[in-house]
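Fold and contact review
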Amino acid sequence: WSALAQDQPQLAAETLKEYAQLTSTDFEIAEVWSAMLAWIDDFDHLEKETRRLAQKWANQAKVVEQLARSILKAWQRLPGIQAPADRDSLVGLGVDLIDFCLGEAPPSKPIDRASLYVLRARLLLEAGPLGDDRALSDYEIALSLCPEDADAWFLLSRHHLFMGRWEKSILAGLEAKK
């Protein structure tokens, strides 16, 4: 984790290389491996690894969260303005993975569930205006689960701002500052 926190994915990859076979049996290794995928530029490889890890860990919120974050980071590194993501894209895979996990994640962990709702909202927004209503609903659900999440309030504020809902953006921004 420390190598990834210091933005040193090569060091993390070297450290984890000998543990690669444990990604299907060791939760912590799978979680770190999933986070490390954020630095992969080859979308085919990222999709292959995401699908491989999802076969074992799709019902584990922490692993799914790292996979979704990796997809978002890779997608947002694409140069220039991108066309909205379609259902069959890597973004669509991330949405499907979170959908499955939300159906399987224990309801006793609202923080994990809220994080998944926020990540799904962010992925849905990559799909353009078609994802707007569902993303808005996801932000609202996440904030009902964790109303003190300043990051979620900020993202909701930014979403309202992009959609031209100025008053709602200001109100959400004020909540983020609390």
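Since the model is a prediction, treat every value here as computed from it, not as a measurement. Sequence order sets the numbering: in each chain, residues are counted from 1 along the sequence as written. Per-residue local features are limited, in this predicted model, to residues with pLDDT of at least 70; the limit for side-chain atom pairs, both in listing and counting, is 80 or more; totals at the level of whole chains, interfaces and linings are taken over all residues. Side-chain numbers come from the whole structure's heavy atoms, not from hydrogens or water.

1. Focus on the side chain of arginine 120
Stated formally: Only runs of H or I of at least four residues qualify as helices and only runs of E of at least two qualify as strands under DSSP, and these elements are numbered from the N terminus. Throughout, exposure labels follow a simple rule: accessible area from a 1.4 Å probe, protein chains only, divided by the maximum for the residue type, with under 20% read as buried, over 50% as exposed, and the rest as partly exposed. Definition of a polar contact: a pair of N or O atoms within 3.5 Å, with one able to donate and the other able to accept a hydrogen when the atoms are protein atoms, and with sequence-neighbouring residues admitted only if both atoms are side-chain atoms. Working rule for contacts: check all heavy atoms of both residues, and any pair within 4.5 Å makes them a contact.
If you trace the backbone, arginine 120 turns up in helix H7 (residues 110-125). The class of arginine 120 is buried, set by a relative accessible area of 9%. Side-chain polar atoms of arginine 120 contact the side chain of aspartate 138, separated by 2.7 Å. Look past the residues within four positions of arginine 120 in its chain and what remains in contact with it is Val95, Ile98, Asp99, Leu102, Arg134 and Asp138.

2. A word on the nonpolar core
Short version of the rule: Take the buried residues of types Ala, Val, Leu, Ile, Met, Phe, Trp, Tyr and Cys, join any two whose side-chain atoms come within 4.5 Å, and each joined set is a nonpolar core.
In this structure, Leu37, Leu53, Ile98, Leu116, Leu123 and Leu156 are the most contacted members of the largest nonpolar core, which totals 52 residues. Going through the elements one at a time, helix H3 (27-36), helix H4 (43-57), helix H5 (61-76), helix H6 (90-104), H7, helix H8 (132-145), helix H9 (150-162) and helix H10 (166-177) are the ones with two or more residues in this core. Counting residues per element, this core draws most heavily on H5, at nine residues. Not counting the four nearest positions on each side in its chain, isoleucine 98 is found in contact with Val64, Ala68, Leu116, Leu119, Arg120 and Leu123.

3. Some remarks on the side chain of serine 169
As for its placement among the helices and strands, serine 169 is situated in helix H10. Leave out the neighbours within four places in its chain, and serine 169 touches Ser157, His160 and Leu161.

4. Section: the state of the cysteines
To keep things clear, this is the line we draw: Cysteine sulfur atoms that pair up within 2.5 Å are treated as a disulfide.
Across all of its chains, the model carries zero disulfides by this definition. Unpaired in this structure, cysteine 146 has its nearest cysteine sulfur neighbour in cysteine 101, at a distance of 15 Å.

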